[in-house]
Amino acid sequence: MSRAWFESVAEAQRRARRRLPRSVYAALLAGSEKGLTARDNVDAFDEVRLAPRTAGLAGRRDLATTVLGRRIALPVLISPTGVQAVHPDGEVAVARAAAARGTAMGLSSFASKPAEQVVAANEQTFLQVYWIGGRDDMARRIERARAAGVAGLILTLDWSFSHSRDWGSPRIPDRLTPRELLRLAPQGLARPRWLLGYARTGRLPELTVPNMAEPGQPAPTFFGAYGQWMQTAPPTWADVGWLRARWDGPFLLKGIVRVDEARRAVDAGVGAISVSNHGGNNLDGTPATIRVLPAIADAVGGQVEVLLDGGVRRGSDVVKALALGARAVLIGRAALWGLAANGEAGVRNVLDVLRNGIDATLLALGHGSVQDLGRGDVMLPPGFAVRLGADHDDALTSPPPSPSGPPPLNAGAP
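Bear in mind that the values here come from a model prediction, so they are computed numbers and not experimental data.

**Student:** Tell me about the pairing of strand 8 (residues 251-256), and name the residues and values.
**Tutor:** Within strand 8, six of the six residues are buried, leaving the element largely enclosed by the surrounding structure. Inspection of the sheet shows strand 7 (residues 152-156) paired to strand 8 by four bridges, in the parallel sense. Across the sheet, the residue bridging to Thr 156 is Lys 254, located in strand 8. As paired elements, strand 8 and strand 9 (residues 272-275) share four bridges and run parallel to each other. Counted as the bridge partner of Leu 253 is Ile 273 from strand 9.

What follows is the structure, given as structure tokens:
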């Protein structure tokens, strides 16, 4: 077996930490404020127990499902994450890996590669957009998305510009000027394999966001586009409905953690929602997504597809999410750690790890298909579930997330 192969997402993370310059790895680790939500996203899965069977188990298991009319070989999609310049091939490599494993790719508006290139690598690419600018700006972006041939849109709403981290935020330059290159040289020289990967391409990491470019204009820098976003008024539910009406294809709304907003999403006509807290990078203290999933699935699961994003690190996590009402999950950091560890092959490796874990967990639970999973396959401790945005008498409470923030950057992390 190749030494490049790894057996767990945790090992992919360890290899990413060893390979990447410190500031680049810190950007992937992220989290906000004290890191409560980022940690709880991962730790909450440990509180969900499984109910295995011992005889009469299924000899073959079917992991396939559909999301927004698209058939995927396993219930795991790639979550849209910003500038993936941890590897020269970036989002194109991730898209190829997802296509090779029969699943869909979420492409961020803040990606380092244009939608046209990524769609060419994976026809099941969904373009993620933020509400930046006015309706005319949004209309131009979705027309470009349509022309690029994307399979659907993802509208992300959960962002409130929280920039503070107790452990410090990495300094990310707007452009790689000679001065910035000099400043970053010690970090790059300390990670020669990462530096060599870019040296072989003859170009530097790209810090522009081509999917935010205006017609006939060069791609803006990451922070140039981010600045425009900060100056944009947050969208209303009327804006969500307007955008949905402008896009006649598959449409997923990402960032829902409340029952009342899940219902509003249904009213707006979306085809799917992603229960997400932006990987713990937004409002710290928000409950883990697996805690709020059951209530949302109960409220709207019969009207709209429900996905989960946040904290998935192993196949059994995927199974737990499906048993609690998710149709599929999205992975962000796990895929990026695979990309950093071994490029496209590393992302395939991560998806294989998850596939094998799903299959083994299905076997132990006695099911022949992911479609057979249900609440009887899991056990939740008292107070685990949280029902946000429900009537007061219907509300549940949950223990607070772990009080400790993310571990030091030289240790394992969620």
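**Student:** Pulling in residues and values, what's your account of the environment of Pro 80?
**Tutor:** Within the fold, Pro 80 resides in the loop between strand 4 (76-78) and helix 4 (90-100). Classification of Pro 80 as buried rests on a relative accessible area of 11%. Residues Pro 80 and Leu 107, spaced 27 residues apart in sequence, show a C-alpha to C-alpha distance of 4.7 Å. Excluding anything up to four places from it in sequence, Pro 80 contacts Gly 106, Leu 107, Ser 108, Gln 128, Ile 154, Lys 254 and Leu 330.

**Student:** Go over the packing of helix 6 (residues 135-148) against helix 10 (residues 237-246), please, and point to the residues and values.
**Tutor:** Contact geometry of helix 6 with helix 10 gives a least axis separation of 11 Å together with a crossing angle of 30°. Taken together, helix 6 and helix 10 sit at an angle that is classed as roughly parallel. With respect to the hand of their crossing, helix 6 and helix 10 are arranged in right-handed fashion. Residues Arg 135, Met 138, Ala 139, Ile 142, Glu 143 and Arg 146 of helix 6 form the contact with helix 10, whose participating residues are Ala 238, Asp 239, Trp 242, Leu 243 and Arg 246.

**Student:** Quick rundown of the layout of surface pockets? Include the residues and the values.
**Tutor:** Of the pockets and cavities examined, the second largest pocket occupies roughly 400 Å³. Secondary structure elements with two or more residues in the lining of the second largest pocket: helix 10 and strand 8. Classifying every residue of the lining of the second largest pocket by side-chain character gives 10 nonpolar, seven polar and three charged.

**Student:** Which residues make up helix 11 (residues 259-268), and what values go with them?
**Tutor:** Here helix 11 has its buried residues at Val 259, Ala 262, Ala 265 and Ala 268. Structurally, helix 11 contributes buried residues whose contacts are with helix 10, strand 8, strand 9 and helix 12 (289-300).

**Student:** Any chance you could break down the packing of helix 13 (residues 315-323) against helix 14 (residues 333-365) for me, citing the residues and the numbers?
**Tutor:** For the pair helix 13 and helix 14, the least separation of the axes is 7 Å and the interaxial angle reads 60°. With respect to each other, helix 13 and helix 14 are oriented oblique. Our pair here, helix 13 against helix 14, has a crossing hand that is right-handed. Of the residues in helix 14, those in contact with Gly 315, Ser 316, Val 318 and Val 319 of helix 13 are Leu 354, Gly 357, Ile 358, Thr 361 and Leu 365. Grouping the amino acids of the contact of helix 13 with helix 14 by side-chain chemistry returns five nonpolar, four polar and no charged.

Procedures and definitions
Residues numbered from 1 in each chain as written. Predicted model: local features only at pLDDT ≥ 70, side-chain atom pairs only at ≥ 80, totals over all residues. Heavy atoms only, no water. Buried < 20%, exposed > 50% of the residue type's maximum accessible area, 1.4 Å probe, protein only. Helix = DSSP H or I, 4+ residues; strand = E, 2+ residues; numbered from the N terminus. Pairing = 2+ DSSP bridges. Contact = heavy atoms within 4.5 Å. Axes fitted to C-alpha atoms, helices over the stretch in contact; angles between N-to-C directions. Parallel < 35°, antiparallel > 145°, perpendicular 65-115°, else oblique. Left-handed = near helix turned anticlockwise from the far one by under 90°. 1 Å grid on protein atoms, 1.4 Å probe; cavity = no way out; pocket = protein on both sides within 12 Å on 5 of 7 lines; lining within 4 Å. Points joined across faces, edges and corners; volume = space filled by probe spheres on them. Nonpolar A, V, L, I, M, F, W, Y, C, P; charged D, E, K, R; others polar.

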